[in-house]
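Structure at a glance
Letter by letter, the chains look like this.
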Amino acid sequence: MTELTLDEVTKVFNEGSGNEVVAVDSVDVTIDDGEFLVLVGPSGCGKSTTLRMIAGLETISDGEIRLGDRLINDVSPADRDIAMVFQSYALYPHMTVRQNMSFGLEESTEMLDDEIAAIVEETATMMGIEELLDRKPSELSGGQQQRVALGRAIVRDPDAFLMDEPLSNLDAKLRATMRTELQRIQEDLGVTTVYVTHDQTEAMTMGDRIAILNDGVLQQVGTPLECYHTPNNRFVAGFIGDPSMNFFDVTLSGDSLTNESVTYPLPDEIRASLDEATNFTLGVRPEDIEFHDKQTAFGDHNFECVVDVVEPVGESNNVYLRFADDDSPDPEMFIVTISGMRNVSSGDRVVATIPPESIHLFDERNGHALKNRSLGDVDGVAST
Ligand code: ATP
């Protein structure tokens, strides 16, 4: 069993002159045997440092890392039985693909040459690079080089794979193909995998679960849909999803949430769940806002708006709106996603409905989610 456990793992860098940087702060996560966990977060949040501690390339300031039952804090990288794939393919330029893939096995195992050759051939076939075995890296495309780098990790048959942004040097189309392929290979091999990316789309589409880091602190670990629909806090809500969730900073005043641009009446059952908090961030996803071309919808949660910008993305349009009666110099803007077939232009007057069942409310003091959207219709996500 090769479960990978991080128990309160911390990394403090000492920058000299007494300056300390807490790059990773007491991270607790267990990656199940065979699981694909994506570690995601903005630049500088501590993703690579976490991965490098698991690999043994960085010392651990505090906490424990276990692979199966084995505490590996002080085990050398070579003895951890973990294979790492980087953004830069790090292939040996003077060696052929075959030699690049064989090298690690020749150096670190007692395997016979024939056995190594067979494993390399088999893996190359699985990766679709069997025709390239006698070429040098300089004779390969970026995608082919990345396949070789992955193949080199796979032949080692490790207990765990660590991947640090392995697809980011590829063009968008190839990246999408490689995402699916990597998932298929990982599933076939069943090897516990930690995959680092700053790209939330990659996290959403690839991970069995995702772990979201910010400023070295783990914000949430869950399935992609859990993190999308039931974020723990405002950071996760804003980080996961493209276009991002819309946020309005509001205050509870009587029965409504208000700010300079909007007054949003709160149904009693939502108000009752808000404890003593008075200042909130109201969040709503762009696809949850209903969009009416004409002034046909009336009611407390309908708002007359003016179209500012329309961003066509093919199957959908991202429409930037402002409230029609907001005449402040810096009006509140929000995004609605509508079908790409609908014709909307800048300056159009429209109506946006923000349904109470779709809103999220975050405590302004600490960003904690007090209410997430209702999930009656989403499979596999526990309703909150
Ligand atoms: P990116 O996506 O940009 O690679 P990341 O999430 O992988 O970022 P890390 O490289 O893990 O982030 O860095 C986390 C924090 O630790 C950053 O603030 C970084 O400046 C700091 N850091 C990393 N390495 C060192 C070091 N050797 N000395 C001092 N600080 C460091």
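Structure shown above.
To start, this report covers the structure provided alongside it. (Residues numbered from 1 in each chain as written. Predicted model: local features only at pLDDT ≥ 70, side-chain atom pairs only at ≥ 80, totals over all residues. Heavy atoms only, no water.)

1. Quick notes on the site of the ligand
Surveying the vicinity of the ligand reveals the residues F13, E15, A23, P42, S43, G44, C45, G46, K47, S48 and T49. Between G44 and the ligand, the recorded distance is 2.8 Å, taken from a backbone N or O atom to an oxygen atom. A distance of 2.9 Å separates an oxygen atom of the ligand from a polar side-chain atom of K47. Broken down by element, the residue count for the shell around the ligand peaks at three residues, all from helix α1 (residues 47–55). Here the shell around the ligand is composed, by residue class, of four nonpolar, five polar and two charged. (Near = heavy atom within 4 Å. Polar contact = N/O pair within 3.5 Å; in protein donor to acceptor, adjacent residues only side chain to side chain. Helix = DSSP H or I, 4+ residues; strand = E, 2+ residues; numbered from the N terminus. Nonpolar A, V, L, I, M, F, W, Y, C, P; charged D, E, K, R; others polar.)

2. Concerning the sheet that holds strand β7 (residues 160–164)
The sheet built from six strands is open, its strands ordered β6-β7-β8-β3-β9-β10 with mixed pairing. With partners counted over all chains shown, the strands left at the sheet margins are β6 (82–85) and β10 (217–222), one partner each. Strand-to-strand twist across the sheet, computed as the mean angle between neighbouring axes with direction ignored, equals 15 degrees. Relative to strand β8 (residues 192–197), β7 runs parallel, the two being bridged by five bridges. Counterpart to F161 in the pairing with β8 is T193. Here helix α4 (residues 142–155) sits on the sheet and contacts β6 and β7; the angle it forms with β6, its principal contact strand, is near 175 degrees. (Pairing = 2+ DSSP bridges. Axes fitted to C-alpha atoms, helices over the stretch in contact; angles between N-to-C directions. Contact = heavy atoms within 4.5 Å.)

3. Description of the layout of surface pockets
By volume, the largest pocket is sized at about 650 Å³. Mapped onto the lining of the largest pocket, the elements with two or more residues apiece are β6, α2 (97–108) and α4. Here the lining of the largest pocket is built from residues that sort into 18 nonpolar, four polar and four charged. Estimates place the volume of the second largest pocket at around 150 Å³. (1 Å grid on protein atoms, 1.4 Å probe; cavity = no way out; pocket = protein on both sides within 12 Å on 5 of 7 lines; lining within 4 Å. Points joined across faces, edges and corners; volume = space filled by probe spheres on them.)

4. Details of the pattern of salt bridges
Considering all chains together, one arrives at 15 salt bridges under this definition. The salt bridge partner of R184 is D188, with a shortest N-O separation of 3.6 Å. You can see R184 and its partner D188 sitting in helix α5 (residues 172–189), four residues apart, about one turn around the helix. Take R184: its relative accessible area is 38%, and that puts it in the partly exposed class. A salt bridge links D288 to R373, with the nearest nitrogen and oxygen atoms 2.9 Å apart. Separated by 85 residues along the polypeptide, D288 in the loop between β14 (279–284) and β15 (290–292) and R373 in the segment after β21 (369–371) bring together distant segments of the chain. In terms of burial, D288 and R373 fall into one category: buried. Here the salt bridges do not stand alone but share partners, grouping K11, R52 and E58 into one network. (Salt bridge = Lys/Arg side-chain N within 4 Å of Asp/Glu carboxyl O. Buried < 20%, exposed > 50% of the residue type's maximum accessible area, 1.4 Å probe, protein only.)

That is the geometry; function is a separate question.
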